[in-house]
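# Overview (structure and organization)
Spelled out, the chains give:
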Amino acid sequence: MTQPFTESTTLSNGVKMPWLGLGVWKVKDDGEAERTVASALELGYRSIDTAAAYNNEEGVGAAIRNSGITRDEIFVTTKIWNANQGYDTTLAAFEESRRKLGLEVIDLLLIHWPVKGKYTETWRALEKLYKDGAVRAIGVSNFQIHHLKDIEASGSILPMVNQVEYHPFLSQTELRAYCESKGIQLEAWSPLMQGNLDQSVLADLGAKHGKSAAQIVLRWDLQNKVVTIPKSTNPVRMQENAAIFDFELSAEDMAQLNGLNLDKRFGPDPDNFNF
């Protein structure tokens, strides 16, 4: 067992959020989610990212409760799904997530996707939950700059986090700079490009540093000040993904990785989705 991960960023409201967490997208709630999260917590992970749409909040919550780790040591993120967006429906959906997780307070609540005509009202509900103390931080997911500007114009609180698809093929330079200028922490989902890591640049840098291609990419995230949540159900892979705090990429290494950008998405386009 390793020591718990202590490396964290400080969000705009002063809440600390680990730089590295575990994503549980597609992890089934048939015992797999509970086993996976339990393994991650035992290895030292202290940030778990789930969502109502993943249908595994109950397993995640069970693992947290049974871990023996004090609640304030674990950072839990969940998200409001598209079908539940709107003011009243968001408040009800949050209560359902809180019930399934078995947690009184959620560390970070995100709007999962910017549903047209609804996300500003959804954000108003998140602001209420934050002001009521039901969540420690609020944010968004898959929001482009124009979505963020809508939130700023209509709301009273800026998102503390924007979780987006982010990897060397989709470096989102403009969005990252905008978020940084507004004090919004960028967070990467699908950081490992859904396994598309067979690139000569990654292999060469891996050989140079004695690291895997995945570790090179995750280190690139950290050095770009982007929180990262690689998904895995394999404890060996989880441990490998966590071994990224003991080396540093040079400016030349970073430039090589930045040069891989193709503006390529493996997931949906936030400006053109229908779910």
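The structure contained in this document is the topic of the report that follows. Bear in mind that the values here come from a model prediction, so they are computed numbers and not experimental data. (Residues numbered from 1 in each chain as written. Predicted model: local features only at pLDDT ≥ 70, side-chain atom pairs only at ≥ 80, totals over all residues. Heavy atoms only, no water.)

### Description of the side chain of Lys 211
With respect to the helices and strands, the residue Lys 211 is situated in the loop between α7 (200–209) and α8 (213–223). Engagement of the side chain of Lys 211 in a polar contact is seen with the backbone oxygen of Ala 243, the distance being 2.9 Å. Not counting residues within four places of it along the chain, the set of residues in contact with Lys 211 comprises Gly 206, Ile 216, Ala 243, Asp 246 and Phe 247. (Helix = DSSP H or I, 4+ residues; strand = E, 2+ residues; numbered from the N terminus. Polar contact = N/O pair within 3.5 Å; in protein donor to acceptor, adjacent residues only side chain to side chain. Contact = heavy atoms within 4.5 Å.)

### So, the side chain of Asp 107
Among the secondary structure elements, Asp 107 is positioned in strand β6 (residues 106–111). Within the structure, Asp 107 has its side chain in polar contact with the side chain of Arg 71 (distance 2.8 Å). Separated by 2.8 Å, the side chains of Asp 107 and Arg 136 make a polar contact. When near neighbours in sequence (up to four residues on either side) are disregarded, Asp 107 contacts Arg 71, Ile 74, Phe 75, Val 76, Arg 136 and Ala 137.

### Re helix α1 (residues 32–43)
Under the 1.5 Å per step criterion, the end-to-end length of α1 is 16 Å for twelve residues, consistent within 8% with the ideal 16 Å. Buried residues along α1 sit against β3 (22–23), β4 (47–49), α2 (57–66) and α9 (235–242). Downstream of α1 by a residue or two, Gly 44 has a phi angle that is positive, lying close to 120°. (Expected span 1.5 Å × (residues − 1).)

### A closer look at the pairing of strand β7 (residues 135–141)
Counting buried residues along β7, six of its seven residues qualify, which places the element largely inside the surrounding structure. Note that β6 and β7 share five bridges and pair parallel. Bridge pairing in β7 places Ile 111 opposite Val 140. In terms of handedness, the path from β6 via helix α4 (residues 119–131) over to β7 forms a crossover that is right-handed. You can see the chain leave β7, run along helix α5 (residues 145–154) and come back into strand β8 (residues 161–165), and the turn it takes is right-handed. (Buried < 20%, exposed > 50% of the residue type's maximum accessible area, 1.4 Å probe, protein only. Pairing = 2+ DSSP bridges. Right-handed = clockwise from strand over helix to strand, strands pointing away.)

### Digging into the pairing of strand β9 (residues 185–189)
Burial within β9 is extensive, with five of its five residues counted as buried. Of the two faces of β9, the one carrying Gln 185, Glu 187 and Trp 189 and the one carrying Leu 186 and Ala 188 are both buried. As paired elements, β8 and β9 share five bridges and run parallel to each other. Looking at the pairing, Asn 162 lines up with Leu 186 of β9. In this fold, the crossover linking β8 to β9 by way of helix α6 (residues 173–182) has right-handed handedness. Sheet analysis places β9 next to strand β10 (residues 227–228), joined by two bridges and oriented parallel. The residue of β10 that forms the bridge with Glu 187 is Val 227.

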